[in-house]
Amino acid sequence: MSNLNIVVVGATGAVGVEFLDLLARRHFSFGSLRLLASAKSIGRKMKCGNRDFTVEALDENSFRGAHIAFFSAGGSISKKYAPIAAKCGCVVIDNSSAFRMDPNVPLVIPEINPEAALEHRGIIANPNCSTIIALVPLWPLHRHNRIRRIIAATYQAASGGGAAAMQELLDATKAYLEGGDHKPQVLPHPYAFNLFSHNAAVDPVSLYNEEELKMVRETKKIFNDPDIRISATCVRVPVLRAHCEALNVEFTSPISPSEVRNWLTDQPGVRLVDDPHRNYFPMPREASGQNDVLVGRIRQDISDPSNRSIAMFVSGDQLLKGAALNGIQIAELLVKNGLGAAAA
Ligand code: A2P
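A brief structural summary.

Criteria and cut-off values
- Residues numbered from 1 in each chain as written.
- Predicted model: local features only at pLDDT ≥ 70, side-chain atom pairs only at ≥ 80, totals over all residues.
- Heavy atoms only, no water.
- Near = heavy atom within 4 Å.
- Polar contact = N/O pair within 3.5 Å; in protein donor to acceptor, adjacent residues only side chain to side chain.
- Areas by Shrake-Rupley, 256 points an atom, 1.4 Å probe, with all protein chains shown as cover.
- 1 Å grid on protein atoms, 1.4 Å probe; cavity = no way out; pocket = protein on both sides within 12 Å on 5 of 7 lines; lining within 4 Å.
- Sits in = over half its atoms within 2 Å of the grid points.
- Nonpolar A, V, L, I, M, F, W, Y, C, P; charged D, E, K, R; others polar.
- Helix = DSSP H or I, 4+ residues; strand = E, 2+ residues; numbered from the N terminus.
- Buried < 20%, exposed > 50% of the residue type's maximum accessible area, 1.4 Å probe, protein only.
- Expected span 1.5 Å × (residues − 1).
- Contact = heavy atoms within 4.5 Å.
- Pairing = 2+ DSSP bridges.
- Right-handed = clockwise from strand over helix to strand, strands pointing away.

Further remarks concern the site of the ligand. Lining the immediate environment of the ligand, one finds 15 residues, of which Thr12, Ala14, Ser38, Ser41 and Ala163 sit closest. Note that an oxygen atom of the ligand is positioned 3.2 Å from one of the backbone N or O atoms of Gly10. Ala14 places a main-chain nitrogen or oxygen 2.8 Å from an oxygen atom of the ligand. Taking 580 Å² as the accessible area of the ligand by itself, protein coverage stands at 70%. In a pocket analysis with a 2 Å cut-off to the grid points, the ligand is assigned to the largest pocket. When the residues that make up the shell around the ligand are grouped by side-chain class, the tally is seven nonpolar, seven polar and one charged.

This is the structure:
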């Protein structure tokens, strides 16, 4: 066992629970583990593997002696407490959007830009879930044939809205099937047997919503390519925990579906699920609980006569690769390479 002191902020949330599960399943070695949440959860018992832990309240002193803190309690908590944790010499791996576009904060997907994590100044940002799920399979292609433009349509699960949104989907579906009424409380519209434009705020000038703009900005930062052009339409669908995305991708040079399949075969974090004969392609039920992003429906985009465009469909677990798993992989990278500047 190592002597690393680990803190999970938001341990009782949808992503927090996955952090605990992954720490145990991946045999992440630690000396101590503190679970933090809001006042209403103080004293709650939770398990990490077969060890029991008690949830404590988050406060300014929570990070004394800590080496790594996983934050997943929303942007305002991260904004307030991540700098406090970093000042204590603790490396923060933040799942919120609070610091993602800060030029002093690396935005890291370990399969793509692991080197960026090692240049942290105390805070490392985990990208947006839809961004991660699209970019893991697009990166190997980008290295072979530079991507010029991406058009994405997302089908996003309830889990992106946290545990309360997942519960709302279950409650609303049950009420609908029983002929009853369910008033939306967490998401803005009825969720059962429905779908709607992502609940993030809409920018009044561009008319893109914040989720869509995150995909645009974060892709440029992670790929370190300010010229890549992206348009996204993000939609919330009645699925519990895995996102899907239809991606139309324009490359610099002509490209074929068989090249794409070859370049994606055996890539870390990617699994091909692409069987046109059986009409069998990535599905959120099959992506749920999986580490890999499932990729299929790989075909020439026939709207581009220059043969430089590919259409594909991907699905990835929002709580795992879209959040907690990516965070744990960043922590594993740090442990392997030394915790870096902030950690004393
Ligand atoms: P709690 O369960 O006590 O409310 P989710 O993303 O699933 O909505 O989870 C959000 C997480 O953030 C939960 O663990 C929640 O704890 C935690 N959280 C929310 N508000 C605070 C707060 N003010 N201080 C600490 N943790 C908070």
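Looking now at the side chain of Asp317. Inspection of the secondary structure puts Asp317 in strand S14 (residues 309-317). Taking relative accessible area as the criterion, Asp317 reaches 0% and is therefore assigned buried. A polar atom in the side chain of Asp317 sits 2.9 Å from the side chain of Arg241.

Relative to the 21 Å expected for 15 residues at 1.5 Å per residue, helix H5 (residues 163-177) spans 21 Å between its end C-alpha atoms, a close match to the ideal helical length. Along H5, the residues that are buried comprise Ala165, Met166, Glu168, Leu169, Ala172 and Ala175. Lining the buried residues of H5 we find helix H1 (14-25). Within two residues after H5, Gly179 carries a phi angle of roughly 80°, on the positive side.

All right, on to the pairing of strand S2 (residues 32-37) then. For strand S1 (residues 5-9) and S2, the ladder comprises five bridges, and the chain directions are parallel. For Val9, the partnering residue across the bridge sits in S2 and is Leu36. Read from S1 through H1 to S2, the crossover connection turns out right-handed. For S2 and strand S4 (residues 51-57), the ladder comprises three bridges, and the chain directions are parallel. Considered in S4, the bridge of Ala37 is made with Ala57.

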